[in-house]
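Remarks on the overall topology
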Amino acid sequence: MRGRWVDAIRRVVQPRVPSFSRVRDREIVFGVAGSVVAAAIVPPLLVAGPSVLVAVGVWRERAATSMRERSLEAALPDMIDQLVLAVSAGLSLPAALRTISPWLPGSLREVVSGSLDRLDAGAPVADVFVHLGRGLPPSGRRPIAVIVAATRDGAPLGPNLARAAAEARDVRRRSAQTRARRLPVLMLLPLVLCVLPAFVLLTLVPLVASSLDGLSLSDSFPPP
């Protein structure tokens, strides 16, 4: 019975908010039950539960997308370095891409696998790498564009692959530096919620308590 109305909620919400698929069934049950109980006290709170569930789904979708983009940025320089080694060993660019594909991390392997399917279908090598670049985050498309330009112009692959690898490493380094600069801001919330209250409780509260112990009602109101 519970599964039916949970499925009904999903059928209503997911077409409008696709990220709602990341909300678990248990969370839907608790969210709806909590909003019904809260609405018995304050009726406007009936919409609080569904709103929170939608927000959880959107947050998880964004977090998953961000994590996937970071993993692709981190793996792209290593992939291009492997292409450099394979091409230096005498393989063509399509053969090199096919050779290194099984050794790539999961997220990047999926992107490369889709590009290899286009290669098997007879697509030109440049178009295959254009398709590969579309599966990467915007920050990782510039190194692939270097490979595409070299393929279309007939330029030597070795130097251009080395240049693409250098640009991919620059992207990965800048991304890591950006995340490092955001760390103090992210640490601000735990600092305010945890460290400062503890500081108040351990320093100011004992000081105020000891000061109050030294006072008495008779000292405040001397006899006439």
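This text follows the structure it describes.
All of these numbers come straight from a predicted model, not from anything done at the bench.

Side note on the overall build of the protein
When its secondary structure is counted, the protein shows 9 helices and 0 strands. Here the protein has a C-alpha radius of gyration of 29 Å; the compact-globule value for 224 residues is 17 Å, and the former is much larger. Taken over the C-alpha atoms alone, the protein extends approximately 105 × 50 × 25 Å along its principal axes. Pairs at least 24 residues apart make up 53% of the contacts formed inside the protein by residues separated by at least 6 positions. Charged side chains in the protein number 27 positive and 17 negative. The centres of these two groups are separated by 4 Å.

Considering the packing of helix H3 (residues 48-88) against helix H4 (residues 93-100)
At a minimum axis distance of 9 Å, the contact between H3 and H4 shows a crossing angle of 125°. Of the possible angle classes, the one that applies to H3 and H4 is oblique. The interaxial crossing formed by H3 with H4 has right-handed handedness. Only Leu93, Ala96, Leu97 and Ile100 of H4 make contact with H3, whose side of the interface consists of Met79, Gln82, Leu83, Ala86 and Val87. Classifying every residue of the contact of H3 with H4 by side-chain character gives 8 nonpolar, 1 polar and no charged.

Things to note about the side chain of Arg60
Assignment of secondary structure puts Arg60 in helix H3. Ignoring any residue separated from it by four or fewer positions in sequence, one finds Arg60 in contact with Arg22, Val23, Arg24 and Glu27.

Digging into the pattern of salt bridges
Overall, the coordinates contain 7 salt bridges when judged by the stated rule. A salt bridge links Asp120 to Arg98, with the shortest nitrogen-to-oxygen separation between them at 3.1 Å. Of this pair, Asp120 sits in helix H5 (residues 106-120) while Arg98 sits in helix H4, placing them 22 residues apart in sequence. Between Glu167 and Arg163 there is a salt bridge, with the nearest N and O atoms lying 3.5 Å from each other. Of this pair, Glu167 and Arg163 both sit in helix H8 (residues 157-213), 4 residues apart, which is roughly one turn of the helix. Looking at Glu167, the relative accessible area reads 19%, which means it is buried. Here the salt bridges do not stand alone but share partners, grouping Arg142, Arg163 and Glu167 into one network.

As for helix H7 (residues 141-153)
Taking 1.5 Å as the rise per residue, H7 with 13 residues should run 18 Å; its terminal C-alpha atoms sit 18 Å apart, in good agreement. Listed in full, the buried residues belonging to H7 are Pro143, Ile144, Val146, Ile147, Val148 and Ala150.

Concerning H3
Between its first and last C-alpha atoms H3 spans 60 Å; for 41 residues at 1.5 Å apiece the expected length is 60 Å, and the two agree. Along its length, H3 shows its largest kink, about 30°, at Ala75, and proline Pro77 lies within four residues downstream of that point. Phi for Gly90, located one or two positions after H3, is positive at around 110°.

Digging into the environment of Leu132
Mapped onto the fold, Leu132 is located in helix H6 (residues 125-134). It is 21 Å that separates the C-alpha atoms of Leu132 and Arg173, two residues lying 41 residues apart in sequence. Beyond its immediate stretch of four places on either side in the chain, Leu132 contacts Leu97, Val111, Val112, Ser115 and Ile144.

Structural notes on the environment of Pro124
Relative to the helices and strands, Pro124 resides in the loop between H5 and H6. In the structure, Pro124 is positioned 58 residues away from Ser66 in sequence and 31 Å away in space, judged by C-alpha atoms.

Notes on the nonpolar core
One recurring pattern in soluble globular proteins is that nonpolar side chains are buried together. Grouped together as the largest cluster of nonpolar side chains are 32 residues, with contacts concentrated most on Met79, Leu83, Leu97 and Ile144. In terms of residue count, the dominant contributor to this core is H3 (8 residues). Residues within four places of Leu97 in sequence aside, it is in contact with Leu83, Val112, Leu116, Val128, Phe129 and Leu132. Ranked by size, the runner-up nonpolar core spans 7 residues in total, among them Val13, Val23, Val29 and Leu53.

Thresholds, definitions, all that
- Residues numbered from 1 in each chain as written.
- Predicted model: local features only at pLDDT ≥ 70, side-chain atom pairs only at ≥ 80, totals over all residues.
- Heavy atoms only, no water.
- Helix = DSSP H or I, 4+ residues; strand = E, 2+ residues; numbered from the N terminus.
- Rg over C-alpha atoms; globule rule 2.2 N^0.38 Å.
- Contact = heavy atoms within 4.5 Å.
- Lys, Arg positive; Asp, Glu negative; His and termini not counted.
- Charge placed at Lys NZ, Arg CZ, Asp CG, Glu CD.
- Axes fitted to C-alpha atoms, helices over the stretch in contact; angles between N-to-C directions.
- Parallel < 35°, antiparallel > 145°, perpendicular 65-115°, else oblique.
- Left-handed = near helix turned anticlockwise from the far one by under 90°.
- Nonpolar A, V, L, I, M, F, W, Y, C, P; charged D, E, K, R; others polar.
- Salt bridge = Lys/Arg side-chain N within 4 Å of Asp/Glu carboxyl O.
- Buried < 20%, exposed > 50% of the residue type's maximum accessible area, 1.4 Å probe, protein only.
- Expected span 1.5 Å × (residues − 1).
- Bend = angle between axes of the 7 residues up to and from the residue.
- Core = buried A, V, L, I, M, F, W, Y, C linked by side-chain atoms within 4.5 Å.

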